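Residues per chain are reported as follows:
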Amino acid sequence: MILDGQVAVITGAGSGIGRGGAEILAAEGATVLVTDRSIDNADETVALIKVKGGEAFAMKVDVTSDGDLEQMIAYAVNDLGKIDILHNHAGIQIAGTAEQVKPEGMDLSYQINTRAHYIAARLAIPHMKKQGHGVINNTASNSGVF
């Protein structure tokens, strides 16, 4: 397995593509920190990984909270030993054109789809630099296209 001994952190991994990514990383040997705003969904993903023999842990994380993101990275580094992969996947879709989307919707989209990715990466980079390696994968929303 190509990710044996590596620790991966994924936001928004309680369902959908994030869940699928967590399952693939675990199947390749990574220990996965599954984070989601719903701890129940994160727990479901962890159960799916463990039934297939993978190693995973669940954590409730609201990516709009800098404190939650700090705790997420700290857990990976302090409790799991390091962070090799950060997949910023949590995101939302705000439906509508620029004329239809209210400023509050745009603010929320920015906070979740852009700012949270930046803060999580900013927190992970020093640890990755110290260990001499790391991968950050940011999944983006297609809201900007609309």
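See the structure above.
S.K.: Quick one: what's the story with the packing of aromatic side chains, residue by residue and with numbers?
M.R.: A full pass over the atoms with the stated rule returns zero aromatic pairs. Seen from the ring of phenylalanine 57, lysine 50 lies directly overhead, with NZ or CZ sitting 5.8 Å from the centre.

S.K.: Tell me about the side chain of threonine 45, and name the residues and values.
M.R.: In this fold, threonine 45 is placed in helix α2 (residues 39–51). Assessed through its relative accessible area of 0%, threonine 45 is described here as buried. If we ignore the near neighbours within four places in the chain, the residues touching threonine 45 are Ala13, Gly14, Ser15, Arg19, Ala22 and Val34.

S.K.: Can you tell me about the nonpolar core, naming the residues and giving the values?
M.R.: What tends to happen in soluble globular proteins is that the nonpolar side chains get buried as a cluster. One finds Val9, Leu33, Val63, Leu69, Met72, Ile83 and Leu86 to be the most contacted residues of the largest nonpolar core, which totals 22 residues. For this core, the elements supplying multiple residues, two or more each, are β1 (7–10), α3 (66–79) and α4 (103–131). Among the elements that make up this core, the one with the highest residue count is α4 (six residues). Beyond its immediate chain neighbours, meaning those up to four positions away, leucine 69 contacts Val61, Val63, Ala116, Ile119, Ala120 and Leu123. Formed by 15 residues, the second largest nonpolar core is a distinct cluster that contains Ala30, Val46, Ala56 and Ile85.

S.K.: Outline the sheet that holds strand β5 (residues 135–138), listing residues and values.
M.R.: Strand order in the open sheet made by the five strands is β3-β2-β1-β4-β5, with parallel pairing throughout. Either end of the sheet is taken by a strand with one partner, and the two such strands are β3 (55–60) and β5. With strand direction ignored, the average angle separating the axes of adjacent strands in the sheet is 15°. Taken strand by strand, α2 contacts β2 (31–36) and β3, and its axis lies near 180° from that of β3.

The rules behind these values
Residues numbered from 1 in each chain as written. Predicted model: local features only at pLDDT ≥ 70, side-chain atom pairs only at ≥ 80, totals over all residues. Heavy atoms only, no water. Phe/Tyr/Trp six-rings, centres within 6.5 Å; stacked < 30°, edge-to-face > 60°. Lys NZ or Arg CZ within 6 Å of the ring centre and 35° of its normal. Helix = DSSP H or I, 4+ residues; strand = E, 2+ residues; numbered from the N terminus. Buried < 20%, exposed > 50% of the residue type's maximum accessible area, 1.4 Å probe, protein only. Contact = heavy atoms within 4.5 Å. Core = buried A, V, L, I, M, F, W, Y, C linked by side-chain atoms within 4.5 Å. Pairing = 2+ DSSP bridges. Axes fitted to C-alpha atoms, helices over the stretch in contact; angles between N-to-C directions.

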